[in-house]
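Each chain, written out:
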Amino acid sequence: MDPEKQALTNPILRQSHPGPIEFHKRTNSFKLAGLVALLLLARITFTLLDLDIVQSITRKTNPTTSPVVGCTQYQPRVPTINDKLDANKQIIFSEDYRLKSVGYHSGLVQVRSESFDDSGPVGQDHRWDVFYNVEEYLQKTFPLVHETMNLTKVNTHGLIFTWKGTEESLKPAMLMAHLDTVPVPHATLDYWTHPPWSGHYDGKYVYGRGSVDCKNTASGILEAITLLISGGFTPRRTIIVAFGFDEESKGLEGAGHIAPYLEEVYGQDGIAFVVDEGGLGIGEMYGTGFALPATGEKGYVDVNFTLHTPGGHSSIPPPHTSIGILSEIVHSFESAPYHPSLSADSPIFTFLQCASAYGDLPSAWNKNIKNGARKGKKGARAREILADKFAELGRAQRYLVSTSQAADVVGGGVKVNALPETAFVVINHRIAVDSNSQQVMDHVTERVLPLVKKHGLDLDAFGNKFSFRDQAVLDQAEVGVFGQLLSADVPGGELKIVAVNALEPAPVSPTNSSQWELLSSTIQHCYGPQFPDGLVVSPAVMTGNTDTRYSWNLTRHIYRFTPMDRSASFGIHTVDEHLLFDDHISGVYFFHELLRNSDAADF
């Protein structure tokens, strides 16, 4: 994940957050609901006899027959009976295998593989050479994968493993992860409980950079495939495993080359589905369990402001230097954050529909959720109210329904006795799924125009030019004691605004498809037994960006889901990153079962 990615740390899943969204199990006094409850009780009793089968959630709505558009819940999908492959479940959850798995994952964490924002091209910047060590480790640790699957290397370090299926008419299934990590600042080394590349296992957690983000996904996928090979599995559907190596620095060298290669081989829309890291995890909320794969991903744009103003001696300063003017501009933006919004197609609106149908929400929320599904002004107004209420719950919630803006980089001035002639600031934007980069540029232009006019500046905003220099004021500029014009008193200057690294919000993946049903029902099969009160699978949104940004042409069915309880990961992108290993084991089982289930599907 990139440095801003919330992934499994998003507080939306916390039960301790303030506000009206903290709910408890609903008690229904209706007679019909009582009858339904009795029927469900019988089904739950059956569940206790067979923990591999999760039945309906005891709620006001039966999730397996849900009338909620976009939030249909599916029965657990148990793979076709195969004694050898079924036996892998006992192996995966055994103590012997756990110790082996710790070794696999810990060993991968020990291979240092940082990526940097300022890296040059592969082959020219030797910092990429660490990935030779990663490839050597994978070959040594997962020999069956390398013997069975064809390995293609793209741009030297991008890895594509292909297990060719027996039925070419079936589109391939694709699993993704990245092998790079964010760097560990040298100044933080002494603050780690265990060294960041130790892969230390204390009997409960594995510590180290990449232990959560996201070498656990990479090793979990390869472990699952190794077990399938050992069990004699022969796929009908081709299986592709793609590992990038620079996701933490925008993915241009890794996934940016992998996706075009796969499109050339399989064609546009040639992949059945993609599962990559991400989502908002698995956890208890609203009185029931929720699993939240992300079907959408916010967009991205850096807005760079560069201001040139006349220089001069700092002993005779103007009312506002270029740094002062830029500070005023930044304050103006921070004082007016983007307004939250919810469209009827937003994954977060669907999530709220799921919470209303299967969880426990206040009546006012339920009313607006119901009205929000309507067309026209009434539906739009209800969603507007919902967006505002949801945003009020906290920053994590706000930025699921609105564009974020953060002034992250600033600079200006070269000497304390010289007025700064140039100053700059970069404001990073994560674009809401219901918005686009043009709306951001329009907002920026509208916001900055009054300040440009106030300070008599010329403006070049994304190629649109305006001038507010006042010649009359210039004519009245103060003259110095020796008759020269004091440049510090000359009003004006030029502000240039450009958009860099623009990425539109990802297309929202459908949840009325066979691919979503496959993912949802497999999650129910693997994780439903952990939630006695039921598990709801709902779409969600990523506030950051993953390597899937390059996969849009490969398939409409892109799901970002790290199979992990949100409480199992700690310290992503910071000191003491570590992973509860129980959840890694569960993830191995999930990938094992997902590939079995996808192989039996005919889409």
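Residues numbered from 1 in each chain as written. Predicted model: local features only at pLDDT ≥ 70, side-chain atom pairs only at ≥ 80, totals over all residues. Heavy atoms only, no water.

Attention now goes to the overall build of the protein chain. When helices and strands are tallied, the protein chain shows 16 helices and 20 strands. Taken across its 603 residues, the protein chain has 55% of its residues classed as buried. Taking the contacts inside the protein chain whose residues are at least 6 apart along the sequence as the reference set, 79% of them involve residues at least 24 apart. Just so you have it, the protein chain exposes about 25800 Å², and 54% of that area is on carbon and sulfur atoms. (Helix = DSSP H or I, 4+ residues; strand = E, 2+ residues; numbered from the N terminus. Buried < 20%, exposed > 50% of the residue type's maximum accessible area, 1.4 Å probe, protein only. Contact = heavy atoms within 4.5 Å. Areas by Shrake-Rupley, 256 points an atom, 1.4 Å probe, with all protein chains shown as cover.)

This part covers the nonpolar core. Among the nonpolar cores identified, the biggest contains 62 residues, and Leu-138, Ile-225, Phe-243, Ile-523 and Phe-590 are the most heavily contacted of them. Not counting the four nearest positions on each side in its chain, Phe-590 is found in contact with Leu-519, Thr-522, Ile-523, Cys-526, Tyr-527, Phe-561 and Pro-563. Membership of the second largest hydrophobic core comes to 29 residues, among which are Leu-292, Leu-342, Trp-365 and Ala-391. (Core = buried A, V, L, I, M, F, W, Y, C linked by side-chain atoms within 4.5 Å.)

Turning to the side chain of Thr-226, a few remarks are in order. Following the sequence through the fold, Thr-226 ends up in helix 6 (residues 215-230). With a relative accessible area of 19%, Thr-226 lands in the buried category. Here the side chain of Thr-226 touches Leu-222 through a polar contact of 2.8 Å, landing on its backbone oxygen. Sequence-distant contacts of Thr-226, that is, excluding residues within four places in its chain, are made with Phe-142, Leu-144 and Val-145. (Polar contact = N/O pair within 3.5 Å; in protein donor to acceptor, adjacent residues only side chain to side chain.)

This part takes up the sheet that holds strand 4 (residues 205-207). The three strands lie next to each other as 4-20-19, forming an open sheet whose pairing is antiparallel. The sheet is open, and its two edges are formed by strand 4 and strand 19 (569-570), each paired on a single side. Of the strand pairs in this sheet, strand 4 and strand 20 (residues 578-580) are connected by three bridges, and their pairing is antiparallel. Across the sheet, the residue bridging to Tyr-207 is His-578, located in strand 20. Together, strand 4 and strand 20 form the strand contacts of helix 16 (residues 581-600), whose direction differs from that of strand 20 by roughly 70°. (Pairing = 2+ DSSP bridges. Axes fitted to C-alpha atoms, helices over the stretch in contact; angles between N-to-C directions.)

Attention now moves to the pattern of salt bridges. Here the structure, examined in full by the defined rule, presents 16 salt bridges. With a closest N to O distance of 3.3 Å, Glu-135 and Lys-153 form a salt bridge. Pair noted here: Glu-135 is in helix 4 (residues 130-141) and Lys-153 is in strand 1 (residues 150-154), with a separation of 18 residues, a long-range link. Classification of Lys-153 as partly exposed rests on a relative accessible area of 48%. Via salt bridges that share partners, Asp-86, Glu-593 and Arg-596 belong to a single interconnected network. (Salt bridge = Lys/Arg side-chain N within 4 Å of Asp/Glu carboxyl O.)

Before going further, it helps to examine the packing of aromatic side chains. Given two aromatic rings, their pairing is described by the distance between the two centres and the angle made by the two planes. Taken as a whole and judged by the stated rule, the model has 19 aromatic pairs. Aromatic side chains Trp-163 and Phe-233 sit 5.7 Å apart centroid to centroid with 80° between the ring planes, which places their arrangement in the edge-to-face category. Taken together, the positions of Trp-163 in strand 2 (residues 158-163) and Phe-233 in the loop between helix 6 and strand 5 (239-244) put the pair 70 residues apart, joining distant regions of the chain. Owing to a relative accessible area of 7%, Trp-163 belongs among the buried residues under this scheme. Seen from their ring centres, Trp-516 and Tyr-559 are 5.6 Å apart, and the 55° between their planes marks the pair as tilted. (Phe/Tyr/Trp six-rings, centres within 6.5 Å; stacked < 30°, edge-to-face > 60°.)

Moving on to the pairing of strand 2. Burial runs high along strand 2: six of the six residues are buried. Where burial is concerned, the two faces of strand 2 agree: the one with Gly-158, Ile-160 and Thr-162 and the one with Leu-159, Phe-161 and Trp-163 are both buried. In this sheet, strand 2 lies alongside strand 1 in antiparallel orientation, the contact comprising five bridges. Paired with Val-154 across the bridge in strand 2 is Gly-158.

Here the focus is helix 15 (residues 514-527). Helix length check: helix 15, at 14 residues, gives a terminal C-alpha distance of 20 Å against a target of 20 Å (1.5 Å per residue), a fit within 8%. Where burial is concerned, most of helix 15 is hidden: 12 out of the 14 residues are buried. (Expected span 1.5 Å × (residues − 1).)

If you walk across this open sheet you meet the six strands as 11-12-10-15-13-14, and the pairing is mixed. In the strand order of this sheet, the two ends are held by strand 11 (404-412) and strand 14 (464-467), each with one partner. Across the sheet, the mean angle from the axis of one strand to that of its neighbour is 15°, orientation sign disregarded. Bridging between strand 13 (residues 458-461) and strand 14 involves four bridges; their strand directions are antiparallel. Residue pairing across strands places Leu-459 opposite Phe-466, the latter belonging to strand 14. Here helix 8 (residues 322-334) sits on the sheet and contacts strand 10 (299-308), strand 11, strand 12 (422-431) and strand 15 (494-503); the angle it forms with strand 12, its principal contact strand, is near 15°. Across the face of the sheet, helix 13 (residues 437-454) comes into contact with strand 10, strand 11, strand 12, strand 13, strand 14 and strand 15 while running at roughly 165° to strand 15.

This paragraph deals with the confidence of the model for the protein chain. Mean pLDDT for the protein chain: 87, with 85% of residues reaching 70 or above. In the predicted structure, residues 2-62 sits below a pLDDT of 50 and forms 139 contacts with residues beyond four places in sequence or in another chain. Contacts for the low-pLDDT stretch residues 479-490, under 50 throughout, to residues beyond four places or in other chains number 18 contacts. (pLDDT = per-residue confidence, 0-100.)

Okay, the side chain of Asn-88 next. Here Asn-88 is to be found in helix 2 (residues 83-92). When its relative accessible area of 4% is taken as the criterion, Asn-88 is described as buried. In this structure the side chain of Asn-88 is engaged in a polar contact, spanning 3.1 Å, whose partner is the backbone oxygen of Leu-227. Not counting chain neighbours up to four residues away, the residues in contact with Asn-88 comprise Leu-227, Leu-228 and His-592.

Along helix 2, the residues that are buried comprise Leu-85, Asn-88 and Ile-92. Looking straight down helix 2, one finds that the buried residues subtend no more than 25° of arc, so they occupy a single side. Counted as exposed and oriented over 90 degrees from the buried face of helix 2: Asp-83 and Gln-90. On the buried face of helix 2, the contacting elements are helix 3 (95-110), helix 6 and helix 16. Near the N-terminus of helix 2, the side chain that reaches the backbone nitrogen of Lys-84, with its oxygen 3.1 Å away, is that of Asn-82. (Arc of directions from axis to C-beta.)

Moving on to unusual backbone geometry. Each neighbour pair has its own omega, and for Asp-213 with Cys-214 the value is -15°, a cis peptide bond. Its place among the elements puts Cys-214 in the loop between strand 4 and helix 6. One non-glycine residue, Asn-155, adopts positive backbone phi at about 50°. Looking at the element boundaries, Asn-155 is found in the loop between strand 1 and strand 2. Here Asp-576, not a glycine, exhibits a phi torsion of approximately 65°, which is positive.

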